[in-house]
Amino acid sequence: RKKAGRVEFLRVSVDLFEGEYFVRPAGNQQSGILRTQVAANGIAVLPADRTEFERGEKVDIHLLYNSFDTAIT
């Protein structure tokens, strides 16, 4: 869940499994929590017009670095 009317950026851990990317929150999202920033290898972009997201739903992500053995296209 998130507040309506604003885009949110969620720090996430991204895994590659059988050619698909899977994400999960990297932990506590408060700005002062450095452990979450270190654990994250991606950012999920949650659009302003949505307030709820279901498990397994596709979301836009930006990888912070390529930690996978495959090229990103």
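Counting restarts for each chain: residues are numbered from 1 in the order of the written sequence. Totals for whole chains, interfaces and linings use every residue, but because this is a predicted model, local features are given only for residues with pLDDT of at least 70 and side-chain atom pairs only at 80 or more, for both listing and counting. Calculated side-chain values reflect all of the structure's heavy atoms, with hydrogen atoms and water omitted.

Caption draft 1: Highlighting the layout of surface pockets. Here a cavity denotes grid points, spaced 1 Å and computed from the protein atoms alone, that fit a 1.4 Å probe unable to get out, and a pocket denotes an open set having protein on both sides within 12 Å along at least 5 of 7 lines; residues with an atom within 4 Å of a point are the lining. Grid points are joined across faces, edges and corners, and a volume is the space filled by probe spheres set on the points. Taken as a whole, the largest pocket encloses approximately 890 Å³ of empty space. Along the walls of the largest pocket sit 23 residues, with V23, R24, E54, E57 and V59 positioned nearest its centre. Within the residue set of the lining of the largest pocket, elements represented by two or more residues are β1 (8–17), β2 (20–25) and β3 (42–46). A run of DSSP states H or I qualifies as a helix once it reaches four residues; a run of E qualifies as a strand once it reaches two. Both are numbered from the N-terminal end. Ranked by residue count, the leading element in the lining of the largest pocket is β2, at six residues. Here the lining of the largest pocket is built from residues that sort into 12 nonpolar, two polar and nine charged. Residues are grouped as follows: Ala, Val, Leu, Ile, Met, Phe, Trp, Tyr, Cys and Pro are nonpolar; Asp, Glu, Lys and Arg are charged; all remaining types, including Gly, are polar.

Caption draft 2: Seen up close, the sheet that holds β3. When DSSP locates at least two bridges between a pair of strands, those strands are taken to pair. With respect to topology, four strands assemble into an open sheet ordered β2-β1-β3-β4, the strand pairing being antiparallel. A single partner strand is all that each edge strand has here, and the edge strands are β2 and β4 (60–63). On average, adjacent strands in this sheet sit at an angle of 40 degrees to one another, irrespective of strand direction. Here an axis means a line fitted to C-alpha atoms, over the contact stretch when the element is a helix, while the angle between two N-to-C directions is reported on a 0 to 180 degree scale.

Caption draft 3: A look at the packing of aromatic side chains. Aromatic contacts are taken between Phe, Tyr and Trp rings whose centres are within 6.5 Å, Trp giving its six-membered ring; a plane angle under 30 degrees counts as stacked, one over 60 as edge-to-face, and the others as tilted. Counting across every chain of the model gives one aromatic pair. Here the aromatic rings of F17 and F22 are separated by 6.4 Å at their centres, their planes lie at 65 degrees, and the arrangement is edge-to-face.

Caption draft 4: The pattern of salt bridges, seen in detail. What makes a salt bridge here is a side-chain nitrogen of Lys or Arg within 4 Å of a carboxyl oxygen of Asp or Glu, nothing more. Counted by the stated rule, this structure contains three salt bridges. The shortest N-O distance in the salt bridge between R6 and E8 comes to 3.4 Å. For each residue, the accessible area found with a 1.4 Å probe, counting protein chains only, is set against the maximum for its type, and the residue is called buried under 20%, exposed over 50%, and partly exposed in between. A relative accessible area of 43% means that R6 is categorised as partly exposed. On the basis of relative accessibility, which here comes to 22%, the residue E8 falls in the partly exposed class. D15 is the salt-bridge partner of R24, the closest N and O atoms lying 2.5 Å from each other.

Caption draft 5: Spotlight on the confidence of the model for the protein. Across the chain, each position has a pLDDT score giving the predictor's confidence in that residue, from 0 to 100. Predicted confidence across the protein gives a mean pLDDT of 86, with 90% of residues reaching 70 or more. The secondary structure element of the protein with the lowest average pLDDT is helix α1 (residues 34–39), at 82, and the one with the highest is β3, at 94.

Caption draft 6: Representation of the side chain of S13. On the secondary structure map, S13 appears in strand β1. Residue contacts are defined here by distance: any two heavy atoms, one from each residue, within 4.5 Å place the two residues in contact. Leaving out residues up to four positions away in the same chain, S13 has contacts with F22, V23, R24, P25, A26, A39 and N41.

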